[in-house]
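Overview (structure and organization)
So you can see what is in the structure, the chains are spelled out below.
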Amino acid sequence: MAQKHILMIATGGTIACRKTDGGLAPALRADELLHYVPALGEVCRVSAVQPFSIDSTNMTPAHWQTLSRLIEENYGAYDGFVICHGTDTLAYTAAALSYMVQRSEKPIVLTGAQKPIDMDSTDARVNLLDSFVYACDDASRDVSIVFDGKAIVGTRAKKERAKSYNAFGSINFPYPAVLQDGRVIRYLPTRPYKADDVRFYHALEPGVCVLKLTPGAQPALLGYLFEHYACIVIESFGVGGIPAPLVEEFYRQMARYEGRRTVVMTTQVAHEGSNMSVYEVGKRIKQDFGLIEAYDMTLEAVITKMMWILGQGVRGHDEVEALFHTCINHDILFTQ
């Protein structure tokens, strides 16, 4: 059987960093990364491109558009894709691409490392090799992250540790597979797609912001956010709600921008999701304004999904809510 042909897309990040007087900075090119993993020759054929080389802290929606277009332009020529990426915004990019490239029969795998690939002690070489192994597996589909021997659905990842090799967790969803000794051990079946099922989207609305509630948050914040952003994601305490000192101003802004702003309620708690019907501080607000509730979604998925929805020109509360609560790449399982 002929080896699969995988396109590696290098974007910079820690995996490609070298030490400089100012600290670590992306320096290694795509071909140099591949040089550190000679075992790849036994796994697949690899071609490589490098659309940009940045610290992932500098990742923007424009970079996601570049990646989605690059995948679309090369989709027919390759059996899968591996994207090397910095860890800080890796979960955001994986979520964004889950909405921008949907129903893909070919795997789109993102990976990175906590230490540069040219260090003696690094997780980079294993992560990179595992990513290609996963991309070559016949059952791999859609957008995923492969990191520290685990596959994570692209909409369910969150960076939970700043330094450790097991940096990423899967939030409110099981790991679909693990990688051991060059093998994929799959726990969940994947969806079968036909070649022409794939859909590409490139438009994003960047005017989405997050208001992280803190004790004593000032009502004046709401006026600024409603004036300048198309969508406000409220990261609330616990299962969801708005503190009493903010309620009056929130009602005022919702009335002022009726039908012109979208508000999504999520939670600061990573696991188990929101449920605004539990407490008065959440139930009354949701009933009065029909806020969209994120339930078990990750914050990264909430933000990028709203960018995608609004980028498609979808407007009107009912239409936005219906698309937001439509499950894409396992992003939401529980709605009421």
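Refer to the structure above for everything that follows.
Now for a look at the structure at hand. (Residues numbered from 1 in each chain as written. Predicted model: local features only at pLDDT ≥ 70, side-chain atom pairs only at ≥ 80, totals over all residues. Heavy atoms only, no water.)

Details of helix H8 (residues 299–311)
Filter applied, for reference: To qualify as a helix, a DSSP run of H or I must reach at least 4 residues; to qualify as a strand, a run of E must reach at least 2; elements of each kind are numbered from the N terminus. The length a helix should cover is 1.5 Å for every residue beyond the first. Here the term buried applies to any residue with accessible area under 20% of the maximum for its type, exposed to any over 50%, and partly exposed to those in between, with areas from a 1.4 Å probe on protein chains only.
The end-to-end C-alpha distance of H8 is 18 Å, a good match for the 18 Å that 13 residues give at a rise of 1.5 Å each. Residues Leu299, Glu300, Ala301, Val302, Ile303, Thr304, Lys305, Met306, Met307, Trp308, Ile309 and Leu310 constitute the buried set of H8. Downstream of H8 by a residue or two, glycine 313 has a phi angle that is positive, lying close to 85°.

Considering the sheet that holds strand E15 (residues 208–212)
The criterion, for reference: By this definition, two strands are paired if DSSP reports at least two bridges between them.
Spatial strand order, E15-E16-E17-E18: 4 strands in an open sheet with parallel pairing. In this open sheet, the two strands that pair with only one neighbour each are E15 and strand E18 (292–293). Of the pairings in the sheet, the one linking E15 to strand E16 (residues 231–236) comprises 5 bridges and is parallel in character. Its bridge partner lying in E16, leucine 211 is registered against isoleucine 234.

Observations regarding the pattern of salt bridges
To be explicit about the condition: Salt bridges, as used here, are contacts in which a Lys or Arg side-chain nitrogen is within 4 Å of a carboxyl oxygen on Asp or Glu.
Following the criterion strictly, the structure yields 15 salt bridges and no others. Across the pair arginine 18 and aspartate 118 runs a salt bridge whose closest N-O atoms are separated by 3.6 Å. With arginine 18 in strand E2 (residues 17–20) and aspartate 118 in the loop between strand E7 (108–111) and helix H4 (124–136), this pair connects stretches of sequence that are 100 residues apart. For lysine 159, the salt bridge identified is with aspartate 88, shortest N-O distance 2.8 Å. Taken as a pair, lysine 159 in strand E10 (residues 157–159) and aspartate 88 in the loop between strand E5 (80–84) and helix H3 (90–100) lie far apart in primary sequence, 71 residues in all.

Comments concerning the environment of histidine 5
Counted only if it meets this: Whether two residues are in contact is decided by their heavy atoms: any pair within 4.5 Å suffices.
For histidine 5, the position within the fold is in strand E1 (residues 5–10). A residue is classified by how much of its surface remains accessible, and histidine 5, at 13% relative accessible area, is buried. Placed 251 residues apart in sequence, histidine 5 and arginine 256 show a C-alpha to C-alpha distance of 54 Å. Other than its neighbours up to four places away in sequence, histidine 5 contacts Arg45, Val46, Ser47, Ala77, Tyr78, Asp79 and Gly80.

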